[in-house]
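Structural description and commentary
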Amino acid sequence: MGELREELILKAQEIYQQIFPCSSKSSLEECFTVMGKKYLFWFNTADASTHVLMAELVDME
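First things first, this report covers the structure right here in the doc. (Residues numbered from 1 in each chain as written. Predicted model: local features only at pLDDT ≥ 70, side-chain atom pairs only at ≥ 80, totals over all residues. Heavy atoms only, no water.)

1. A short note on the environment of C22
Mapping C22 onto the fold places it in the loop between β1 (19-20) and β2 (32-35). Assessed through its relative accessible area of 11%, C22 is described here as buried. Residues C22 and I9 lie 13 residues apart in sequence; the distance between their C-alpha atoms is 13 Å. Apart from the residues lying within four places of it in its own chain, the contact partners of C22 are C31, W42, F43, N44 and T50. (Helix = DSSP H or I, 4+ residues; strand = E, 2+ residues; numbered from the N terminus. Buried < 20%, exposed > 50% of the residue type's maximum accessible area, 1.4 Å probe, protein only. Contact = heavy atoms within 4.5 Å.)

2. Things to note about the pattern of salt bridges
According to the stated counting rule, one finds two salt bridges in the structure shown. The partner of E29 in a salt bridge is R5, with the nearest N and O atoms 3.1 Å apart. Residue E29 is located in the loop between β1 and β2, and its partner R5 is located in helix α1 (residues 2-16); the two are separated by 24 residues in the primary sequence. Judged by its relative accessible area of 42%, E29 is partly exposed. Here R5 falls in the partly exposed class, since its relative accessible area comes to 24%. A salt bridge links K38 to E56; the nearest nitrogen and oxygen atoms lie 2.7 Å apart. Highlighted residues: K38 in strand β3 (residues 38-45) and E56 in strand β4 (residues 50-56), separated in sequence by 18 residues. Exposure remark for K38: the relative accessible area of 31% places this residue in the partly exposed category. (Salt bridge = Lys/Arg side-chain N within 4 Å of Asp/Glu carboxyl O.)

Structure below.
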């Protein structure tokens, strides 16, 4: 999932320019969650708003 993480981080930076870890997280790498078949990336922007980007997880069978 390292590639997927990188893609979501780059997409967030493309959209919002400056992004920061949420809450008490110290790095963007800690801001990912799996919910069912969705991979979520939570982050804050310069205006202190929280955003989430999502990607579908594909079965690796």
